[in-house]
Structure formats: structure tokens, C-alpha cells
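Reading the structure
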Amino acid sequence: MPDARNVYFGNLPTDCTEDQLASLVLPHAKIEKITIWIDRVSLVRNDFGLVRFSTEGDASNAIKMLHGTFIHGHDQALIVRLAKAPEEELADLVKPEKNASVVVSFSPPTLALSELSLYRMFAPMGGIHTVEVEESQLFGIVSFMKCVDAQRAVALSGTMVDAEHELKATPCTWK
């Protein structure tokens, strides 16, 4: 059963710090703990966090006052709701969006791919869920957590990676 003092904050700007979130929340409630996770691979802050309030009433007040508001010039409204049980919350957070994958190859197809090289190439585009390289090493699939990150990767298509090889990145649509 989830603790009614734990509140999920979603759509945070990726540069939002715990101190900035605290300054937003403190006028409405007392806080015990704030956590904004950092992606272990890209070292970029995720766009979500959890706040543990002193009382259930403080948590409820913060939800009423802050859900749907905008912060730090960010163009997405905050999602503020009671957090689910930890195992449910984490399961939801690690699911990639549908159709957030990119098929990657090089033209001409003479440059072998590796999972590490694809990861290094596409990590700046956003949160990567998985990287797989086909057995022949001529193409791979990079699955991102969000479609917008996959779109950034597709925009790299046509880039020359060296004097001979052009990057091909096309959306991979799953039914």
C-alpha cells in the first residue's frame, strides 16, 4: 500500500534541482525528503521526482496547489499526484514509450556496429532503454524511453561519420 505522504512530480525540467523543487513546494507544505533521479548512463536529471511530506494533509495540499502549474519557464505543466507503491512507480517509469525505436545502419554497409558504439553515438539524444546489434553487425536498433528522443536520433540520418560512411537512422514502428 502506498504511503499517502509520498507525492510524484512529473514533467520537471531536466535542469530542475532538489533545491528548486523545494522552493516551489515549501510555501504549501512541510517536506521530509525530495529525490530527483539522475540517469546513471547519460548523467542527465530525469524529468520526475518524489517528495515525501510531513503529513498526508501537506501532501494533499501540495497536489491541489501544484498540479497543472508551470515552473522555470518549462512548457509542460507539472503532473503532481500521490505516488504509487514503489514497485509500481518504478515499473511505470522504466517502460519506454511505444514507437520510440530507431533502426541504425551505415551506407555503404561496410562499417561494423557495436552496442557500445551505438550507445555512445545516441546517448546525447536522450534516455536510451536498450541497444541491440544484429548478428552480422550491419544494423542495430536503439530503443529510447521517449519518442521525442528517437526523433532527435532520426534527425542525424545523413550525417557522415567518417570520409566514407553515412549514418542511416529510420524510425522503427511496432504494431
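Residues numbered from 1 in each chain as written. Predicted model: local features only at pLDDT ≥ 70, side-chain atom pairs only at ≥ 80, totals over all residues. Heavy atoms only, no water.

1. Considering the overall build of the chain
Keep this limit in mind: For helices the rule is a DSSP run of H or I covering at least 4 residues; for strands it is a run of E covering at least 2, with both sets numbered from the N terminus onward. Per-residue accessibility, obtained with a 1.4 Å probe over protein chains only, is compared with the maximum for each type, and a residue is labelled buried under 20%, exposed over 50%, and partly exposed between these values. Should any heavy atoms of two residues lie within 4.5 Å, those residues are counted as being in contact. Residue burial considers only the protein chains on display, and all accessible areas are found by Shrake-Rupley using a 1.4 Å probe.
Of regular secondary structure, the chain possesses five helices and eight strands. Along the chain direction, N to C, the helices and strands of the chain fall in the order β-α-β-β-α-β-α-β-α-β-β-α-β. For the chain, the proportion of its 175 residues judged to be buried stands at 31%. Long-range pairs, those at least 24 residues apart, make up 61% of the contacts in the chain with a sequence separation of at least 6. A total accessible area of about 10,100 Å² is found for the chain, and carbon and sulfur atoms account for 56% of it.

2. A look at helix 1 (residues 18–25)
The condition is simple: When we speak of the arc, we mean the arc of directions from the helix axis to the C-beta atoms.
What helix 1 keeps buried is the set Leu21, Ala22 and Val25. End-on, the buried residues of helix 1 take up no more than an arc of 105°, which puts them together on one face. Within helix 1, the exposed residues directed more than 90 degrees away from the buried face are Asp19 and Ser23. Residues of helix 1 that are buried in the fold lie against strand 1 (6–10), strand 2 (31–38), strand 3 (45–53) and helix 2 (56–66).

3. Considerations on the pattern of salt bridges
Pairs can form between side chains of opposite charge once their charged atoms are near each other. Condition: Salt bridge, as used here, is a side-chain nitrogen of Lys or Arg placed within 4 Å of a carboxyl oxygen of Asp or Glu.
Overall, the coordinates contain five salt bridges when judged by the stated rule. Here Asp47 ties to Lys146 by a salt bridge, and the two come within 2.4 Å at their closest N and O atoms. A residue pair is termed long-range when its members are at least 10 positions apart, and Asp47 in strand 3 and Lys146 in the loop between strand 7 (139–144) and helix 5 (147–154) qualify at 99 residues. For Asp47, a relative accessible area of 18% puts it in the buried group. By relative accessible area, which is 31% here, Lys146 ends up partly exposed. Among the salt bridges present, the one from Glu166 reaches Lys168, with a minimum N-O distance of 3.4 Å.

4. Brief notes about the sheet that holds strand 1
Inclusion rule: By the convention used here, strands pair only if DSSP detects at least 2 bridges between them. For every element, the axis is a line fit to its C-alpha atoms; helices are fit only across the contacting stretch, and the angle between N-to-C directions ranges from 0 to 180 degrees.
The strand order across the open sheet formed by four strands is 2-3-1-4, and the pairing between neighbours is antiparallel. Strands at the two margins of the open sheet, each flanked by one partner only, are strand 2 and strand 4 (79–82). Direction aside, neighbouring strands of the sheet carry axes that sit 20° apart on average. The pairing of strand 1 with strand 4 spans four bridges and is classified as antiparallel. When the sheet's bridge partners are listed, Val7 is paired in strand 4 with Leu82. Contacting strand 1, strand 2 and strand 3, helix 1 runs over the sheet at an angle of about 140° to strand 2. Most of the contacts of helix 2 go to strand 4, to which it runs at about 155°, and overall it touches strand 1, strand 3 and strand 4.

5. A word on the environment of His67
Keep this limit in mind: We define a polar contact as two N or O atoms separated by no more than 3.5 Å, with the added condition that, inside protein, one atom must be a possible hydrogen donor and the other a possible acceptor, whereas residues neighbouring each other in sequence contribute only through side-chain atom pairs.
Topologically, His67 is positioned in the loop between helix 2 and strand 4. A residue is classified by how much of its surface remains accessible, and His67, at 46% relative accessible area, is partly exposed. When the C-alpha atoms of His67 and Val80 are compared, they prove to be 4.6 Å apart, with 13 residues separating the residues in sequence. Apart from the residues within four sequence positions on either side, His67 is in contact with Ala62, Leu78, Ile79 and Val80. A polar contact is formed between the side chain of His67 and the backbone nitrogen of Val80, at a distance of 3.0 Å.

6. Description of the environment of Pro108
Along the chain, the position of Pro108 falls in the loop between strand 5 (101–107) and helix 4 (115–122). Considering only alpha carbons, one finds Pro108 and Glu166, 58 residues apart in sequence, at a separation of 7.3 Å. If sequence neighbours within four positions are ignored, Pro108 has contacts with Glu164 and His165.

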